[in-house]
Amino acid sequence: MSTHVPIMLMAFIRPDLIKKCMQQLAKFEPPILYVMGDGPRNLNEEKLCNESRRIASNPSWDCEVIKIYNSSNKGIVKSFCTGMNAMFNEHEFGIYLEDDILLSSSFYNFAKDLLIKYRDDSNIGHINATNMAPDYKPPNNESYIFSNHVAEWGFATWKRIWDSYDVKMMEWANVDQRQILKKTSTNLRAKKSLKKMFDIHFNNDFPLAWGYQWHFNCLIHNALTITPTLNMSLNIGFERKDSTNTTGINPIAHDLQECAFPLTHPKIIEQNLNFDKLVANRVC
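What comes next concerns the included structure. Everything numeric here is computed off the predicted structure, so don't read it as measured data.

Looking now at the overall build of the protein. What the protein contains, in helices and strands, is 9 helices and 10 strands. Radius of gyration (C-alpha) of the protein: 18 Å, near the 19 Å computed for a compact globule of 284 residues. Along the longest, intermediate and shortest principal axes, the C-alpha atoms of the protein span 50 × 45 × 40 Å. The 284 residues of the protein split such that 53% are buried. Residue pairs in contact within the protein that sit at least 24 positions apart in sequence constitute 82% of those at least 6 positions apart. Of the roughly 13,500 Å² of accessible surface on the protein, a fraction of 49% belongs to carbon and sulfur atoms. Each charge sign in the protein was given a centre, from 31 positive and 31 negative side chains, and these centres are 5 Å apart.

This is the structure:
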């Protein structure tokens, strides 16, 4: 079975960010790159779309490029689903990346090691690149933490859990909502905020985002998240007029860090409540 890990990269109207993203990817040269290019919303965006696609589909290293281009604008949610479906039709695991995310050069091998290690373990569903509390030190200096906190700024996952993803999150009407929210945090404000977003995205034909549904999917399948002890992701899309969901100053930005190999694995697969409490309090 192949151990190549593909990356699915979203490209839209920010060629300057795509260029920086590709320069960072060149540091670890992923062998397979899916480029998901949404179509322009107007004539002014057409040139930007074309330039973003050109940059993303011409890596400076030797790799297979699979182009998935929308002829018209479908929006980020439909484009996300289209790109992920294409990647998981061919691969059992992969990495998702948007144009404004820089990954540390060690994240690829970090994710690859863990995608292989936990490929058949349904207890694990998501691998974060972002650590929102990198000052937290696990008790035995492990390389990563088991958590229920899902971050979207670059992540890895498996086909086995992607196949259960429902963008309309219809199961929200049937589950014990209090128990689901209890898994995420002891912070009341965090629970209320997440419930509001779950309510908004439930059975919504025009969802604002795809990430809340993905978070819910991990929770209802009791699939923990892996978070690296060091932060391996930086979102550079803030403070821009062309950003979709990131406005103002990035409140949780941390420098990119590189992990050491071989990885030190936790001895027990269980949620680290102390870490999740810290993250919830900081995000709120």
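Now that the structure has been shown, we can carry on.
Relative to the helices and strands, Asn-128 resides in strand β6 (residues 124-128). In terms of polar contacts, Asn-128 uses its side chain to reach the side chain of His-126, at 2.7 Å. Here His-149 takes part through its backbone oxygen, which lies 3.0 Å from a polar atom of the side chain of Asn-128. Setting aside residues no more than four positions away along its own chain, Asn-128 makes contact with Phe-107, Phe-110, His-149, Val-150, Ala-151, Gly-154, Thr-225, Ile-226, Thr-227 and Pro-228.

We now examine the packing of helix α6 (residues 177-184) against helix α8 (residues 211-220). Think of two packed helices as two axes; the pair is described by the angle between the axes and how far apart they sit. Between α6 and α8, whose axes approach to 10 Å, the crossing angle comes to 100 degrees. With respect to α8, the element α6 is oriented roughly perpendicular. Here α6 contributes Ile-180, Lys-183 and Thr-184 to the contact with α8, which in turn contributes His-215, Phe-216, Leu-219 and Ile-220. Of the residues contributing to the contact of α6 with α8, the split by class is 4 nonpolar, 2 polar and 1 charged.

Here we take up unusual backbone geometry. Among all residues except glycine, the phi angle is most often negative; among peptide bonds, the trans geometry is most common. Cis geometry is adopted by the peptide bond preceding Pro-262, which originates at Phe-261 and carries an omega value of 0 degrees. With respect to the secondary-structure elements, Pro-262 resides in the loop between β10 (233-235) and α9 (273-283). The backbone of Asn-141 sits at a positive phi, close to 55 degrees, despite the residue not being glycine. Structurally, the position occupied by Asn-141 is in the loop between β6 and β7 (144-147). In this structure, Asn-222 takes a positive phi of about 50 degrees despite not being glycine. Mapped onto the elements of the fold, Asn-222 is located in the loop between α8 and β9 (224-228). For Asn-222, a relative accessible area of 51% gives the class exposed.

The next thing to look at is the packing of aromatic side chains. Evaluated as defined, the whole model comprises 22 aromatic pairs. Between the aromatic rings of Tyr-96 and Trp-210, the centroid separation amounts to 5.2 Å while the plane-to-plane angle is 80 degrees, which identifies the pairing as edge-to-face. Here Tyr-96 is found in strand β4 (residues 93-97), whereas its partner Trp-210 is found in the loop between α7 (188-201) and α8, with 114 residues between them in sequence. Residue Tyr-96 is classed as buried on the basis of its relative accessible area of 1%. Ring geometry for Tyr-144 versus Phe-146: centroids 5.6 Å apart, planes at 90 degrees, classification edge-to-face. A single burial state applies to Tyr-144 and to Phe-146, both of which are buried. Linked through ring pairs, Phe-80, Phe-88, Tyr-96, Phe-155, Trp-162, Tyr-165, Trp-210 and Trp-214 together constitute an aromatic cluster. Of note, Lys-117 hangs over the ring of Tyr-118, and the distance from its end group to the ring centre comes to 5.5 Å.

Let's shift gears to α8. Burial runs high along α8: 8 of the 10 residues are buried. Those residues of α8 not exposed but buried are Gly-211, Gln-213, Trp-214, His-215, Phe-216, Asn-217, Cys-218 and Leu-219. The elements touched by buried residues of α8 are β6, β8 (155-158), α5 (159-162), α6 and α7. Count one or two residues on from α8 and you reach Asn-222, which has phi positive near 50 degrees.

Here the structure, examined in full by the defined rule, presents 0 disulfides. Not part of a disulfide, Cys-21 finds its nearest cysteine sulfur in Cys-63, a span of 12 Å. The class of Cys-63 is buried, set by a relative accessible area of 17%.

What counts as what
Residues numbered from 1 in each chain as written. Predicted model: local features only at pLDDT ≥ 70, side-chain atom pairs only at ≥ 80, totals over all residues. Heavy atoms only, no water. Helix = DSSP H or I, 4+ residues; strand = E, 2+ residues; numbered from the N terminus. Rg over C-alpha atoms; globule rule 2.2 N^0.38 Å. Buried < 20%, exposed > 50% of the residue type's maximum accessible area, 1.4 Å probe, protein only. Contact = heavy atoms within 4.5 Å. Areas by Shrake-Rupley, 256 points an atom, 1.4 Å probe, with all protein chains shown as cover. Lys, Arg positive; Asp, Glu negative; His and termini not counted. Charge placed at Lys NZ, Arg CZ, Asp CG, Glu CD. Polar contact = N/O pair within 3.5 Å; in protein donor to acceptor, adjacent residues only side chain to side chain. Axes fitted to C-alpha atoms, helices over the stretch in contact; angles between N-to-C directions. Parallel < 35°, antiparallel > 145°, perpendicular 65-115°, else oblique. Nonpolar A, V, L, I, M, F, W, Y, C, P; charged D, E, K, R; others polar. Phe/Tyr/Trp six-rings, centres within 6.5 Å; stacked < 30°, edge-to-face > 60°. Lys NZ or Arg CZ within 6 Å of the ring centre and 35° of its normal. Disulfide = S-S within 2.5 Å.

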